[in-house]
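# Close look at the chain arrangement
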Amino acid sequence: MRILVTAIAATTLLLGGGPAALAAPESNIVGTATQRSAADRQFLRDSHYDEETSAVQDAAIRLAHTQCDYLTAVGNSPDEHIYLAESARATVEFPYLFVFAAVEAYCPENRA
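First, a word on what this report is: a plain description of the structure on this page. (Residues numbered from 1 in each chain as written. Predicted model: local features only at pLDDT ≥ 70, side-chain atom pairs only at ≥ 80, totals over all residues. Heavy atoms only, no water.)

Counted by the stated rule, this structure contains three salt bridges. When the shortest N-O distance is used, the salt bridge between Asp58 and Arg36 registers 2.7 Å. Of the two residues, Asp58 is situated in helix 4 (residues 54–74) and Arg36 in the loop between helix 2 (19–22) and helix 3 (38–46); the sequence distance between them amounts to 22 residues. Between Arg111 and Glu104 there is a salt bridge, with the nearest N and O atoms lying 2.8 Å from each other. (Salt bridge = Lys/Arg side-chain N within 4 Å of Asp/Glu carboxyl O. Helix = DSSP H or I, 4+ residues; strand = E, 2+ residues; numbered from the N terminus.)

Structure (structure tokens):
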């Protein structure tokens, strides 16, 4: 299961929002086409993705939901939170903050 989550996270960021998405044209900046839910806005603000392009934000939101799905499936423990943060270290600038923000916004029942 852990390998699957890592593969999904890497694929999500590679397809939807790695460094290439950061170089997207200015017309792709947040607010031009995407409406966000209150939970999305909270997550983006808390994870420091609120100033990124829509493509990067979409990838971050997908990864956050994947992390919540993982915690729900395998059980909510501090070790699993650490595992998720460490797995995202290569693709997320603040991986522990990212996991915390994902849990707070999308699956507060999985607080460790």
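This is not the end of the story, as more comes after the structure.
Turning to the packing of aromatic side chains, a few remarks are in order. According to the stated counting rule, one finds four aromatic pairs in the structure shown. Ring geometry for Phe43 versus Tyr106: centroids 5.5 Å apart, planes at 45°, classification tilted. Of this pair, Phe43 sits in helix 3 while Tyr106 sits in helix 6 (residues 95–106); the two residues are 63 residues apart in sequence, bridging distant segments of the chain. Of the two residues, Phe43 and Tyr106, neither departs from the other in class, the shared state being buried. Centre to centre, the rings of Tyr49 and Phe98 are 5.7 Å apart; their planes meet at 75°, and the pair counts as edge-to-face. Pair noted here: Tyr49 is in the loop between helix 3 and helix 4 and Phe98 is in helix 6, with a separation of 49 residues, a long-range link. Both residues of the pair, Tyr49 and Phe98, count as buried. Taken together, the ring pairs connect Phe43, Tyr49, Phe98 and Tyr106 into an aromatic cluster. (Phe/Tyr/Trp six-rings, centres within 6.5 Å; stacked < 30°, edge-to-face > 60°. Buried < 20%, exposed > 50% of the residue type's maximum accessible area, 1.4 Å probe, protein only.)

Further remarks concern the state of the cysteines. Disulfides are covalent bonds that link the sulfur atoms of two cysteine residues. Per the counting criterion, the structure on display carries one disulfide. Bridging Cys68 to Cys107, the disulfide has an S-S length of 2.1 Å. What sets the handedness of the Cys68 and Cys107 disulfide is the S-S torsion sign, and at about -75° it is left-handed. Here the residue Cys68 occupies a position in helix 4, and Cys107 occupies one in the segment after helix 6, the gap between them amounting to 39 residues. No difference in accessibility class separates Cys68 from Cys107, as the two residues are buried. (Disulfide = S-S within 2.5 Å.)

Moving on: the nonpolar core. Among the nonpolar cores identified, the biggest contains 24 residues, and Phe43, Tyr49, Ala64, Leu84, Val92, Phe98 and Tyr106 are the most heavily contacted of them. Of all the secondary-structure elements, those providing two or more residues to this core are helix 3, helix 4, helix 5 (78–88) and helix 6. For this core, the leading source of residues is helix 4, giving eight residues. With residues near it in sequence (within four places) discarded, Tyr49 still touches Leu44, Val56, Gln57, Ala60, Thr91, Val92, Glu93 and Phe98. (Core = buried A, V, L, I, M, F, W, Y, C linked by side-chain atoms within 4.5 Å. Contact = heavy atoms within 4.5 Å.)

Their axes nearest at 8 Å, the elements helix 5 and helix 6 cross at an angle of 125°. Viewed along their axes, helix 5 and helix 6 adopt a mutual orientation that is oblique. Read as a crossing pair, helix 5 and helix 6 show a hand that is right-handed. Packed against helix 5, whose contacting residues are His81, Ile82, Leu84, Ala85, Glu86 and Ala88, the element helix 6 presents Pro95, Tyr96, Val99 and Val103 at the interface. Grouping the amino acids of the contact of helix 5 with helix 6 by side-chain chemistry returns eight nonpolar, one polar and one charged. (Axes fitted to C-alpha atoms, helices over the stretch in contact; angles between N-to-C directions. Parallel < 35°, antiparallel > 145°, perpendicular 65-115°, else oblique. Left-handed = near helix turned anticlockwise from the far one by under 90°. Nonpolar A, V, L, I, M, F, W, Y, C, P; charged D, E, K, R; others polar.)

Take it as geometry only, folks, not as evidence of what the structure does.
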